[in-house]
Amino acid sequence: MLKTKKDLDWQNLGFGYVKTDYRYVSNYKNGSWDEGVLTGDSDVTINESAGVLQYAQTCFEGLKAYTTAGGHVVCFRPDLNAKRMADSCKRLEMPVFPEERFLDAISKVVKANIEWVPPYGSGATLYLRPYMFGSSAVIGVKPAQEYQFRIFATPVGPYFKGGVKPITLRVPDFDRAAPRGTGHVKAGLNYAMSLHAIVDAHNQGYSENMYLDSATRTKVEETGGANIIFVTKDNKVVTPKSDTILPSITRRSLMYVAQKYLGLETEERAIPVEELKEFKECALCGTAAVLSPVGEIVNHGEHICFDKENMGEVTKKLYDTLLGIQLGTIEAPEGWIKVIE
Ligand SMILES: *Cc1c(COP(=O)(O)O)cnc(C)c1O
C-alpha cells in the first residue's frame, strides 16, 4: 500500500498555511447550491462589497485527516463538524451546506490531496478548513444573496511549539462572547475581536487568554480557540457548562473517553474562578492542540499553579487514550473514525 508522498519534513512542520494541490468550491445562487468542483486555484475573487468583506458574514470549521496505524487515511468525527457548521450558518443567516454533501466534499478534498496526508507516526496531520462566506455585494446591513462554500487542506505539525510542555494562561480584561451572542458558533467575527487580546497576552509573556463569562466575570469559560478541562483532587474530570462556549468536538470526545474508557466521573457545570486553585490538573482541548497541559493560570496577580514540567497523570491518560482511538491502536466507539481510503 505504498503511496507516493510529497517530499516534506513531516516531523518538523509548523502550524501554518501550505498551499496544497486541490480545494473544493461550491457556490450558492438563486436559492440553491451548485454541484461543486475541485479546483487547483487557491485564489478567491469576489465583489469589493461582498457580505464577508463588509459585515464579516463568514463561519468556518476545522478537522484533520491523518494516517492510522493500519495504514488507512481517516477523519475524526467529521459528521459533528458538518452539524456544527449547519448551526453556525443558521445563526449567521447563511444557507446550510447539506451535511451529507459536506462529508462528501471532505472525502473529495482528502483523496485529491492524498500525497499531502502525513505518514503514520510523524505527529503531523492534514488540517482541513471548511468555510463559507457571503460573496455577493451588500451595503445596507442584511444577509448576502450569494455564498461560497470552500474546503482547503494544509499539512500541519503540532499546534503548540515545544510539544507537550505546559503553557501559562492569563485571565484577561477582555471578554470573548456575550450572553445570547455568537460564542457558541464558529464565526470568524469571534476570532477577529480576539486578536487584540491574544497579541496583548503574547506581549506579556502568556500563551493564551482564559476568558470568563462576560455577564458576571466570575465563571471560567474557555480560551480563544480551545475548550478547557480540569481534574479534581479526587480524579473527576470537570469542564465548564455555558451557552457562550464553542462546543468542542475534542472536549465532547474526551468527556466520553473519561467515562467509558477510564471509568472516571465527569461533570459539565459552572466553574467559579475561586475554584481554580482546588484543581490538580488543567488542559486545553481542540482539534489543533488535541490536549495541551496548562502549567499555570495568572489571574491579576494571583498565580494558580499546576505541574509546570509535565502533563498531569489523568490528562496524560486522556491524551493517550484519545490519540490511540484516533490512530487506531485502541478500538474506537462506533462511528468516530471515518475511513477515506
Ligand atoms: C474550534 C474551537 C474549539 C475547538 O473545537 P474542536 O471541535 O475540538 O476543534 C474551541 N473553542 C473555540 C472558540 C473554537 O473556535
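Residues numbered from 1 in each chain as written. Predicted model: local features only at pLDDT ≥ 70, side-chain atom pairs only at ≥ 80, totals over all residues. Heavy atoms only, no water.

Caption draft 1: Representation of the site of the ligand. Near the ligand, the surroundings consist of 15 residues, among which Lys-186, Tyr-191, Ser-248, Thr-250 and Thr-287 are the closest. Considering the ligand on its own, with 380 Å² of exposed area, one finds that the protein chains cover 96% of that surface. Looking at side-chain class alone, the shell around the ligand contains four nonpolar, seven polar and four charged residues. (Near = heavy atom within 4 Å. Areas by Shrake-Rupley, 256 points an atom, 1.4 Å probe, with all protein chains shown as cover. Nonpolar A, V, L, I, M, F, W, Y, C, P; charged D, E, K, R; others polar.)

Caption draft 2: Structural detail: a nonpolar patch on the surface. A contiguous nonpolar surface patch, about 350 Å² in accessible area, is contributed by Tyr-55, Ile-139 and Val-141. Its place among the elements puts Val-141 in the loop between β7 (125-134) and β8 (147-156). (Patch = residues over 30% accessible without salt bridge, like charges linked within 9 Å, V, L, I, M, F, W, Y side chains within 5 Å. Salt bridge = Lys/Arg side-chain N within 4 Å of Asp/Glu carboxyl O. Helix = DSSP H or I, 4+ residues; strand = E, 2+ residues; numbered from the N terminus.)

Caption draft 3: Quick peek at helix α5 (residues 195-203). Three or more residues of α5 are buried, namely Ala-197, Ile-198 and Ala-201. Looking straight down α5, one finds that the buried residues subtend no more than 95° of arc, so they occupy a single side. Residues of α5 that are exposed and point over 90 degrees away from its buried face: His-196 and Asn-203. Those residues of α5 hidden inside the fold are in contact with β9 (167-170) and β10 (208-209). Positive backbone phi, at 90°, marks Gly-205, one or two positions downstream of α5. (Buried < 20%, exposed > 50% of the residue type's maximum accessible area, 1.4 Å probe, protein only. Arc of directions from axis to C-beta. Contact = heavy atoms within 4.5 Å.)

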